[in-house]
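Residues per chain, in single letters:
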Amino acid sequence: MKLPPSRSGWIVITVLVAAFGGAWIGLTRVQAGEANPNGRPPSPNIGHPAPDFTLPALSGESLSLSDLRGRPVVLNFWATWCGPCRVEIPALEAASQAAGSQGVILGVNVQEDPERVMAFAAELGITYPIVLDASAEVARLYRVNGFPTTYFIDPQGVVAGVFHGPLNAPLLETRLMELSAPTR
Amino acid sequence: MLPLLQIGPFTLRTPGLALLGGLWLGLEMASREGVRRGIDGDRIYALGLYTILAGAAGARLAFVLVNLGMYLHLSPWTQAIGAILAPAGGTEIAWIGALSALGVAVFLARRWKLPLLVLVDAFAPGIAVCAIGIGLANLLSGDYYGVETSAPWGIEMGAARRQPTQVLFVLTAIAIFFILRRLGRDPAARDPGFLGQVLLVALSLAILLIEPLREDSPVVGTSGIRIWQVIALSGLVAGLATFALRAPAAATAATPEEKT
């Protein structure tokens, strides 16, 4: 008949599992090269290089995310039918004005008619660049599940943060300050 | 991935639906198991709901505390608070949320005079069902995704082929559920709390093994140590320690006379 382990048996099992578990954690830890953002694959996750893309801008030219390297970027996915997007736009516009050439607010409109977007931008007085993601390819690349979704990208092109929901002025100001701070 | 499902003019967020479905089915399961163990099913349901709400509130509070600078412009102090509460990004939401949920659950169980260990057994299969819902939600949203791989079992996510970590988690949770169902078939045959012990050990072991396959696994500072593996190993050791505490001091074989 099979006997259940006694207390001392369980203690031995526990100690062995703790030892092997600790060794397993050490063996499978992220190596230094992998922890380096430059060694990581592009991914919309914090610490990874932001996936590059090229989209047509509302002005007619094409704009690539990599063109903005060297400045903090606030990458904002939105749509005209999205109420919270409309709420946060004044804060985004104010942040864009305040940042000037030191930072970029980049609006990515997803799957909408360019004329509709243009009229909306004119109505709300948006002057920061807007690009058109007609096929939602970039939205899928950045795993956007809802609007608005905003990615904060540092001047080195690494994703520093993601925010779901409408942004407000203090939050934007704080994140842009953090992104603009010199790295140690 | 299928984060959004368009049905006519309606857009459904599938990860949220999967999560809600898992929570509801888990509560339903816990309620039925509670009745089998002599506990009022409605009490189980109420306790479960309050626990979930407390967990969500605690997690939200944790997020606010860690990101207080965004709300109050007190960056140096709030960075310190964030560093204390969040050894790795996002973990403050999980552990403070879990503590809140646990605290409320224990408080209500004592207030309603419900036997704690029997409650744990009633909830164990339901928690496994919730874990299935969480895994499905991650699969639909694309979170908890795996490292790139050329292996034939990899799944296409975006532009890369990745380890199927979400699928592994779901399959493991399903296996844990069936193990708990089998072990809990006759509540009288097991000591109260036994299913809870098995759940803790099994879930912790699963996370300890699956986590290295994740691409987006949070690490502690620059150490490279995956925080969820540390948490899982702690849970695993704690679970095994409870078996040690409840085991007899010396193993004894029952004689045929003792068995009858």
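Our subject in this report is the structure included herewith.

Packing of helix α1 (residues 7–27) of chain A against helix α9 (residues 227–246) of chain B brings their axes to within 8 Å, and their N-to-C directions diverge by 175°. As far as their axial angle goes, α9(B) and α1(A) are roughly antiparallel. Along its contact with α1(A), which presents A:Arg7, A:Trp10, A:Ile11, A:Ile13, A:Thr14, A:Val17, A:Ala18, A:Gly21, A:Gly22 and A:Ile25, the element α9(B) presents B:Gln229, B:Val230, B:Leu233, B:Leu236, B:Val237, B:Leu240, B:Ala241, B:Phe243 and B:Ala244. Tallied by class, the residues present in the contact of α1(A) with α9(B) amount to 14 nonpolar, 4 polar and 1 charged.

Residues and elements named next belong to chain A. Across the junction of Phe 147 and Pro 148, the peptide omega takes the value -10°, indicating a cis bond. In this model, Gln 111 sits at a positive phi of 60°, which is unusual for a non-glycine residue. Mapping Gln 111 onto the fold places it in the loop between β4 (104–110) and α4 (114–124). One non-glycine residue, Arg 143, adopts positive backbone phi at about 50°. With respect to the element layout, Arg 143 can be found in the loop between α5 (137–141) and β6 (149–153).

Residue and element names in this part refer to chain A. One open sheet accounts for 5 strands, arranged β5-β4-β3-β6-β7; its pairing is mixed. The sheet is open, and its two borders are formed by β5 (130–133) and β7 (159–164), each paired with just one other strand. The average undirected angle you get between the axes of adjacent strands in this sheet is 20°. As defined by bridge partners, strand β3 (residues 73–78) adjoins β6 across 5 bridges and the pair is classed as antiparallel. The residue of β6 that forms the bridge with Asn 76 is Thr 150.

Calculation rules
Residues numbered from 1 in each chain as written. Chains lettered and ligands numbered in written order. Predicted model: local features only at pLDDT ≥ 70, side-chain atom pairs only at ≥ 80, totals over all residues. Axes fitted to C-alpha atoms, helices over the stretch in contact; angles between N-to-C directions. Helix = DSSP H or I, 4+ residues; strand = E, 2+ residues; numbered from the N terminus. Parallel < 35°, antiparallel > 145°, perpendicular 65-115°, else oblique. Contact = placed C-beta atoms within 7 Å. Nonpolar A, V, L, I, M, F, W, Y, C, P; charged D, E, K, R; others polar. Pairing = 2+ DSSP bridges.

The analysis is restricted to geometry; functional conclusions fall outside its scope.
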